[in-house]
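# Observations on the three-dimensional arrangement
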Amino acid sequence: MTNKFIKDRIRFVKKQTEPKRYLSSFDSRTTAHVFTDVLVIGSGVAGLSAAIQAAKHHAVLVTTKERVDENNTAYAQGGVAVVLSAGDTASKHIKDTLDAGQGLCDAAIVKAFVHEGPKRVNELIRWGASFDKEDDQLIFTQEGGHHFPRIIHAQGDSTGKEIEHTLVKVAKENKNIKIFEHTFVIDLITEDGVCHGAIAWHAKKGKMLIWAKQTILATGGCGQVYRETTNPDVATGDGLAMAYRAGATLQDMEFVQFHPTTLYIAGAVRFLITETVRGEGGILRNKRGDRFMPKYHPQAELAPRDVVSQSILKEMQKTDHTYVYIDIRHIPKERLYARFPKIREICASFGIDIAKDLIPVRPSAHYMIGGVKVNRFSRTTIRQLYACGEVACTGMHGANRLGSNSLLEGLVAGTIAGADASKSIERAKRQLFPSPTQELTGGSKISWLDLNDIGNSLKSLMWRDAGIERDEKHLLEAEEMIEMWCSYVLDKEFANPVGWELQNMLLVSRLIVVSARNRKESRGVHHRSDYPKTDNIRWKKHVTIKRTKS
Ligand code: FAD
Ligand code: SIN
């Protein structure tokens, strides 16, 4: 490609269509109004932890776009990393987390979150969460990058389900907490840089304006922007997009973590094969049956995730095959079946006996490390708006997240957000009813768009051009294509979540691609084949991104 050609294309993609401030028009004189002290958007580990904490002193409303327990949290398998086992120390966990983060962790946050972890986990246990035990003692396992077995788990490989059910039970028993299920938040309501709640939609009740003295965003990640992902359908990055539209600063959006091992069978969902399978001795083999991880990293199968994902990709390319295998046939059958009951069940439904057969796996998009920039109190750059959990960027993970550090972060940061929002409520600036009235100008309600087609094309594009391995040519192509879609999708006004989610996914994809093009080095989960080295002189810093017009 000639330089001139590249320059022309850069000029083309610079003409970006900034999204409209609000995806949907609303008129506060005719829309239903709901009032609460604290609005929590999202009901995963972070949102519910925040809600339970804030509800100690204030009325809390939790909105969630599907059932209360449909979220990334409920699908978590491996466990929670926490310093509770004999011989482990906070400083060891901190060191492992900082090492994995490759120079971009916020050391003070890592220290605070690791130290707070045992308190939060013990609280969960008091609330009834049952983690796996042997002789009445918690069992600890290991995952990539951890140098100590410090991962606790539940029902073998259903840790998230246990945590989610415990938090839902506690939230439902609390009289200060109301939960609105199937209530899709479209946008945050802001005026002069202050958040006053959100506009939401319910299939039967229609649009509603939720006025809150403090708003906590806990909408999780955006795995759905990739064709291959471990994330459930709800993970469309809505919170990232609405925070951007509202003018919040986002950070490190190029750092998308790819999980090395998801089940790869044509027609099957990309079900996660937890890293703890490798923690229990699972071995990765290529098409020829050869073990390959020891030649890539001294920790072999337990190397950090970025290393394992990239190594799998290399082996797939070398052997011209679309997947590799995980081999656990050497582990006693009884142990396997007891330890991984869900994986056994899912694999069996495709005719795979995990004790006898190799399991076909390949990497998938798994976790958004970047997100809405927050400080140590989970405050965003917008007043009266907090963010916690996967939607937030706290600095805990740097350029690469250690397995099982996310549930830990959700528990700790969610609690911090709830406590700080609650404490700051008296100082909150009240929204003067009935402003604002928002009408879209130029947004067409008529569309000839095939939303499914654009969504599927976007996911394939992101997987191909902004996936595990990136370079300028492919990122530029992706940016150009996304820009074209944005130019005729973002100006439309849709009437339900199908359209709003696509608009959010386009925006989030653009933020990922722009940030990935910007970072001209390889670090952690961001691997650029045209800049394969880590450049500590120019790039030991965060990439932030913010809407250019408000
Ligand atoms: P989520 O749990 O995803 O919750 C987000 C909530 O926001 C959902 O309820 C959703 O409905 C709601 N929401 C989103 N958009 C809107 C909207 N527009 N309006 C209203 N509501 C909305 N981490 C670990 O530490 N250990 C593990 O073992 C582990 N295993 C994992 C396995 C899988 C398969 C996956 C996908 C992730 C795993 N992770 C694990 C990561 C971890 O589960 C997540 O990062 C964490 O649960 C995120 O919690 P959260 O509360 O931030 O978001
Ligand atoms: C897993 O169980 O492998 C996922 C753990 C995580 O993402 O933290």
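What comes next concerns the included structure.

Here we come to the environment of Cys 195. For Cys 195, the position within the fold is in strand 9 (residues 194–202). Non-local contacts of Cys 195, meaning those with residues more than four positions away in its chain, are made with Leu 188, Ile 189, Thr 190, Ala 212, Thr 215, Ile 382, Arg 383, Gln 384 and Leu 385.

Let us now look at helix 14 (residues 472–489). Every α-helix carries 3.6 residues per turn, so stepping three or four residues along brings you back to the same face. With 18 residues, helix 14 extends 25 Å from end C-alpha to end C-alpha; this agrees with the ideal 26 Å at 1.5 Å per step. Listing the buried residues of helix 14 in full gives Glu 472, Leu 475, Leu 476, Ala 478, Glu 479, Ile 482, Glu 483, Trp 485, Cys 486 and Val 489. By the N-cap criterion, in which a side-chain oxygen at the helix start approaches the backbone nitrogen of a residue two or three places on, helix 14 is capped by Asp 471, the distance to Lys 473 being 3.3 Å.

The tally for this structure, following the rule as stated, stands at 0 disulfides. Sulfur of Cys 222: no disulfide; nearest cysteine sulfur belongs to Cys 393 and is 12 Å away. Take Cys 222: its relative accessible area is 4%, and that puts it in the buried class. No disulfide involves Cys 486; its sulfur sits 14 Å from the nearest other cysteine sulfur, which is in Cys 222. Residue classification places Cys 486 among the buried positions, given a relative accessible area of 0%.

What follows deals with the site of ligand 2. Around ligand 2, a shell composed of Gln 77, Gly 78, Glu 143, His 259, Leu 272, Thr 274, Glu 275, Arg 305, His 366, Arg 401, Gly 403 and Ser 404 is seen. His 259 is positioned such that a nitrogen or oxygen atom in its side chain is 2.7 Å from an oxygen atom of ligand 2. The backbone of Ser 404 places a nitrogen or oxygen atom 2.6 Å from an oxygen atom of ligand 2. Here the shell around ligand 2 is built from residues that sort into 1 nonpolar, 7 polar and 4 charged.

For the structure shown, the criterion picks out 8 aromatic pairs. With a centroid separation of 5.3 Å and 80° between ring planes, the pair formed by Tyr 22 and Phe 26 is classed as edge-to-face. When its relative accessible area of 3% is taken as the criterion, Phe 26 is described as buried. Clustering of aromatic rings is evident, with ring pairs tying together Phe 184, Trp 201 and Trp 500. For the cation-ring pair, Arg 21 lies above Tyr 22, with the distance from its terminal atom to the ring centre recorded as 4.1 Å. A cation over a ring is seen here: Lys 541 above Trp 539, with NZ or CZ 4.9 Å from the ring centre.

Our focus in this paragraph is the pairing of strand 1 (residues 32–41). Taking burial as the measure, the 10 residues of strand 1 include 7 buried ones, the bulk of the element. In this sheet, strand 10 (residues 206–217) lies alongside strand 1 in parallel orientation, the contact comprising 9 bridges. Across the sheet, residue His 33 finds its bridge partner in strand 10, namely Leu 209. Where strand 1 lies against strand 2 (residues 60–63), 4 bridges are found, and the strand directions are parallel. Bridge pairing links Ile 41 to Thr 63 in strand 2.

For the second largest pocket, the calculated volume is near 480 Å³. As for the second largest pocket, its lining consists of 21 residues, of which Asp 233, Thr 236, Pro 497, Val 498 and Glu 501 are closest to the centre. Along the lines of polarity and charge, the residues of the lining of the second largest pocket split into 9 nonpolar, 6 polar and 6 charged.

Rules used in this analysis
- Residues numbered from 1 in each chain as written.
- Chains lettered and ligands numbered in written order.
- Predicted model: local features only at pLDDT ≥ 70, side-chain atom pairs only at ≥ 80, totals over all residues.
- Heavy atoms only, no water.
- Helix = DSSP H or I, 4+ residues; strand = E, 2+ residues; numbered from the N terminus.
- Contact = heavy atoms within 4.5 Å.
- Expected span 1.5 Å × (residues − 1).
- Buried < 20%, exposed > 50% of the residue type's maximum accessible area, 1.4 Å probe, protein only.
- Polar contact = N/O pair within 3.5 Å; in protein donor to acceptor, adjacent residues only side chain to side chain.
- Disulfide = S-S within 2.5 Å.
- Near = heavy atom within 4 Å.
- Nonpolar A, V, L, I, M, F, W, Y, C, P; charged D, E, K, R; others polar.
- Phe/Tyr/Trp six-rings, centres within 6.5 Å; stacked < 30°, edge-to-face > 60°.
- Lys NZ or Arg CZ within 6 Å of the ring centre and 35° of its normal.
- Pairing = 2+ DSSP bridges.
- 1 Å grid on protein atoms, 1.4 Å probe; cavity = no way out; pocket = protein on both sides within 12 Å on 5 of 7 lines; lining within 4 Å.
- Points joined across faces, edges and corners; volume = space filled by probe spheres on them.

Coordinates in, geometry out; function isn't part of it.
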